[in-house]
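Tertiary structure, described
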Amino acid sequence: MLTQLLFQILDWIFGFITMALLARVLMQWVRAPFRNPLGQFVMAVTDWAVIPARRLVPSALGLDLASIVLAVLAQAMFQGLLLGISVGSPAALAPTGFVAVILLALVAVLRIGLYLLMGVVIISALLSWINPFAPLAPLFNIITRPFLAPLQRIIPPIGGVDLSPMALLLILQVLLTVLASVQHALFPTLLMLR
C-alpha cells in the first residue's frame with residue numbers, strides 16, 4: 001500500500017513537471033502570449049530548469065528543445081524510479097534497461113502531451129460555448145487553432161456548432177490507445193531484464 005502511494009505521489013510530481021514543460025513548448029510553438037496568468041504560471045514553474053538547460057540545448061525549428069529534453073529526462077527519472085522500486089534492483093543501469101527506460105519516457109511524454117492537448121481543446125470548446133469573452137479564451141483559441149484548422153476545412157459547422165473539437169478529441173483518444181498499447185508492450189521487456 002505504501003509503495004502504491006509512493007508511485008502515485010511520484011507520478012503526480014513528475015507528471016506535473018512534464019506537463020508544465022510541454023505547455024511551455026506548445027505555447028512557444030504556436031507563439032501564444034505569455035502575458036496572462038496561465039503563461040506566467042508556466043514560466044514560473046519551469047524557468048528554474050529551462051533557463052540553465054538552454055545553455056546546453058539550443059532551440060531548433062521553432063521548438064524549445066531544452067524544455068522537450070527536460071520533459072523526457074523527468075519522465076526517464078520517473079520510469080527509472082518506478083522500475084527500481086517495482087523490480088527491486090537497478091535494472092535500468094544495464095544498457096538494454098537504459099534504452100527501455102528512455103523508450104518508456106518518450107512514450108510517457110507523448111501521452112502527457114496528448115492529455116495536455118485534450119485538456120486545452122476541452123477548455124477552449126467550453127469557453128466558446130459558455131463565455132467566449134473570457135480573458136483566457138483568446139489564449140486557448142490560439143493554442144488549438146493549428147490542430148483544429150485542418151479539421152474545420154473538412155468538417156463544416158452543423159447548425160452553427162463546430163464539431164471539429166469532437167473529431168480532434170476522438171483522434172487524440174485513438175492515439176492515446178495506441179501509445180498505451182506500446183507502453184504496455186515495453187513494460188514486460190523491462191521486467192525481463194531483472
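So, here's what we can say about the structure. (Residues numbered from 1 in each chain as written. Predicted model: local features only at pLDDT ≥ 70, side-chain atom pairs only at ≥ 80, totals over all residues. Heavy atoms only, no water.)

What about the packing of helix 1 (residues 2–29) against helix 5 (residues 137–154)?
Put simply, the test is: Simply put, an axis is a line fit to the C-alpha atoms, just over the touching stretch for a helix, and the angle between two N-to-C directions goes from 0 to 180 degrees. Each helix corresponds to a stretch of at least 4 residues labelled H or I by DSSP, and each strand to a stretch of at least 2 residues labelled E; elements are numbered beginning at the N terminus. Oblique is the label for any angle not under 35 degrees, not over 145, and not in the 65 to 115 range, which are roughly parallel, roughly antiparallel and roughly perpendicular in turn. Contact definition: two residues touch when any of their heavy atoms are within 4.5 Å. Here the nonpolar group is Ala, Val, Leu, Ile, Met, Phe, Trp, Tyr, Cys and Pro; Asp, Glu, Lys and Arg are the charged ones; every other residue, Gly included, is treated as polar.
Relative orientation of the contacting elements helix 1 and helix 5 amounts to 80°, with a least axis distance of 10 Å. What the angle tells us is that helix 1 and helix 5 run roughly perpendicular. Here L26, M27 and W29 of helix 1 come into contact with helix 5, specifically with L139, I143, P146 and F147. Tallied by class, residues from the contact of helix 1 with helix 5 come to seven nonpolar, no polar and no charged.

Focus: the environment of Q152
Formally: We call two N or O atoms a polar contact when they sit within 3.5 Å, provided that within protein one can donate a hydrogen and the other can accept it, with sequence-adjacent residues counted only if both atoms are side-chain atoms.
Locating Q152 in the fold gives a position in helix 5. Residues within four places of Q152 in sequence aside, it is in contact with D162 and S164. Of note is the side chain of Q152, whose polar atom sits 2.7 Å from the side chain of D162.

What to know about the packing of aromatic side chains
Counted only if it meets this: Only the six-membered ring of Trp is used, alongside the rings of Phe and Tyr, when aromatic pairs are assigned; centres must lie within 6.5 Å, and planes under 30 degrees apart are stacked while those over 60 apart are edge-to-face, with the rest tilted. Each residue is placed in one exposure class: buried if its accessible area under a 1.4 Å probe, protein chains only, is under 20% of its type's maximum, exposed if it is over 50%, and partly exposed if it falls in between.
Inspection of the entire model under this criterion finds four aromatic pairs. Judged by centre distance (5.9 Å) and plane angle (35°), the rings of F14 and F78 are tilted. With a gap of 64 residues between them, F14 in helix 1 and F78 in helix 3 (residues 65–87) connect regions that are remote in the sequence. The same class applies to F14 and to F78, which are both buried. An angle of 45° between the planes, with centres 5.7 Å apart, marks the rings of W29 and F147 as tilted. Remark: F147 occurs in helix 5 and W29 occurs in helix 1; sequence separation between them is 118 residues. Take F147: its relative accessible area is 23%, and that puts it in the partly exposed class.

Description of helix 1
As a reminder of what qualifies: One less than the number of residues in a helix, times 1.5 Å, gives the span that helix is expected to have.
Over its 28 residues, helix 1 extends 40 Å from the first C-alpha to the last, a length consistent with the 40 Å expected when each residue adds 1.5 Å. Among the residues trailing helix 1, R31 stands out with phi positive, at a value near 60°.

Let's talk about the nonpolar core
Selection rule: What is meant by a nonpolar core is a set of buried Ala, Val, Leu, Ile, Met, Phe, Trp, Tyr and Cys residues, joined one to another through side-chain atoms within 4.5 Å.
Counting 30 residues, the largest nonpolar core has L22, M27, A32, L70, L116 and I143 as the members making the most contacts within it. Sorting the residues of this core by element identifies helix 1, helix 2 (37–53), helix 3, helix 4 (95–130) and helix 5 as the ones contributing at least two each. The residues contacting L22, other than those within four sequence positions of it, are A71, V109, I112, G113 and L116. Judged by nonpolar contacts, the second largest core, of 12 residues, contains V107, L151, A167 and L172.

Overview of the side chain of T18
Within the fold, T18 resides in helix 1. T18 gets classed as buried once you look at its relative accessible area, which sits at 0%. Discounting chain neighbours no more than four positions away, the residues touching T18 are A71, A74, Q75, V109 and I112.

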